[in-house]
Amino acid sequence: MTQKIGVIPGDGIGPEVIREGIKVLEAAEDVVDGFKMDLEEFNYGADRYLEEAELIPEEGFERLSKKDAIYLGALGDPRVPTGVLEQGILLNLRFYFDQYINLRPVKLYPNIPCPLAGKGPEDVDFYVVRENTEDFYVALGGRVKGKKSEQLEISRSIYEAKFDLDLEADADEIAYQIGVISRKGAERAIRFAFELAEDKGRERVTSVDKANVLSHVYGLWREVFEDVSKEYPDIETEFSFVDAVTMWFVKTPEWYQTVVTPNMFGDIITDLGAMIQGGLGLAPGGNINPEGVSMFEPIHGSAPKHAGENRANPLATILAGQMMLSQLGEREAADRIEQAVIDVLKEGKVRTYDIGGDSTTSAMGDAVAEKVRVG
Ligand code: IPM
Ligand code: MN
């Protein structure tokens, strides 16, 4: 079966890491019988926005909805006010395709320096299931009292804030933003986590929230977690507050098997997770709609200061490609890619700067692609 993949290289280092990701996918295509891809590139990102004042055209959504998956580099550019590309492209796609799961494996691969003293690959290997369409990400909020009282279009409000702040300053001005948890939204994310735990033979699911303070929203989250957990009597469960979990991830990462958490906390704790798995250069993620079009990306950003240097570590993107194939049911190709990454790291000859070497982005892509080919 031919897998139709929409590719969005994006901004900054995005195109460089995506190029290596595709190199590796194509190597797998060459050697795995029955695995074929049909790639189509979409130029969404800063350049297009600055030239055409457009983020994603209507027909872009239509074309992407005919794909089996989306492979994304990174978004964000210093020439565009913060939030415009992230919200207008990345979050828009997550919401449009109802990618309600953000799956982020936290796995320390061999030969990767771990910043936690005395911890190795056997200690850092868990999944974070981040709910991906609710919580503080629903963009429900506003500003009142000051002149900026209407909800302005994002880029305009940022420009106004930047240039007119003093003129419009009003000490009474307030802003509010509301987090939303729905029973349905919580349930589908929590159920996904339990199914994943079962599937991967993990004995424990930890729910991370802040129900002691934000008891309306996370109180509902907890209720749903308790309800769903009854259907999985063989899986151990626990609740942890998000502040505490940042401490325990560092102290005893080996305790964690599967973690499920609302969107905002999931965003924060997976950057911490990335560090304990050796850095952002190694952390992939999947925005998953099990019944629809899913999108895979490294969890790092566009790192504009490294753009064009052929220096960034492409492994997060390569591993995101591996997750994509696994989601598409291309088991053999996915396994081959993960094994190739492990082999390259074990050999230790090709290492990018973030993991103590001086190899280039493309050298890392070449090395993994080569291993995929030889098997
Ligand atoms: C991430 C990013 C995004 C998020 C931003 C860029 C909108 O930080 O994927 O973790 O907050 O989800
Ligand atoms: Mn993030």
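Now for a look at the structure at hand.

Conventions adopted
Residues numbered from 1 in each chain as written. Chains lettered and ligands numbered in written order. Predicted model: local features only at pLDDT ≥ 70, side-chain atom pairs only at ≥ 80, totals over all residues. Heavy atoms only, no water. Pairing = 2+ DSSP bridges. Helix = DSSP H or I, 4+ residues; strand = E, 2+ residues; numbered from the N terminus. Patch = residues over 30% accessible without salt bridge, like charges linked within 9 Å, V, L, I, M, F, W, Y side chains within 5 Å. Areas by Shrake-Rupley, 256 points an atom, 1.4 Å probe, with all protein chains shown as cover. Salt bridge = Lys/Arg side-chain N within 4 Å of Asp/Glu carboxyl O. Lys, Arg positive; Asp, Glu negative; His and termini not counted. Charge placed at Lys NZ, Arg CZ, Asp CG, Glu CD. Buried < 20%, exposed > 50% of the residue type's maximum accessible area, 1.4 Å probe, protein only. Near = heavy atom within 4 Å. Polar contact = N/O pair within 3.5 Å; in protein donor to acceptor, adjacent residues only side chain to side chain. Nonpolar A, V, L, I, M, F, W, Y, C, P; charged D, E, K, R; others polar.

Describing the pairing of strand β2 (residues 36–41)
Both strand β1 (residues 2–10) and β2 contribute to a ladder of six bridges, which runs parallel. In the strand pairing of β2, Ile 5 is matched with Leu 39.

Let's talk about a negative patch on the surface
Taken together, the side chains of Glu 195, Glu 198, Asp 199 and Asp 234 make up a negatively charged region of the molecular surface. Within the secondary structure layout, Glu 195 lies in helix α6 (residues 183–199).

Points about the pattern of salt bridges
Across all of its chains, the model carries 29 salt bridges by this definition. Among the salt bridges present, the one from Asp 335 reaches Arg 331, with a minimum N-O distance of 2.7 Å. Taken together, the residues Asp 335 and Arg 331, both in helix α11 (residues 331–347) and four residues apart, mark about one turn of the helix. Arg 331 gets classed as partly exposed once you look at its relative accessible area, which sits at 42%. Between Glu 347 and Lys 349 there is a salt bridge whose closest N-O contact spans 3.9 Å. Glu 347 sits in the partly exposed class, given a relative accessible area of 44%. In the salt-bridge network here, residues are joined through shared partners; they are Arg 19, Glu 20, Lys 23 and Asp 366.

Some remarks on the environment of Pro 81
For Pro 81, the location among the structural elements is in the loop between β3 (69–74) and α4 (84–96). Overall, the relative accessible area of 13% leaves Pro 81 in the buried class. It is 21 Å that separates the C-alpha atoms of Pro 81 and Gly 308, two residues lying 227 residues apart in sequence.

Focus: the site of ligand 1
Near ligand 1 you find Glu 86, Leu 90, Leu 91, Arg 94, Arg 104, Arg 130, Tyr 137 and Asp 267, and these make up its full shell. Within the side chain of Arg 104, a nitrogen or oxygen atom sits 2.9 Å from an oxygen atom of ligand 1. Here Asp 267 contributes a side-chain N or O atom positioned 2.8 Å from an oxygen atom of ligand 1. For ligand 1, whose accessible area on its own is 320 Å², the fraction buried by protein is 76%. No other element matches the four residues that α4 contributes to the shell around ligand 1. Of the residues belonging to the shell around ligand 1, the class tally is three nonpolar, no polar and five charged.

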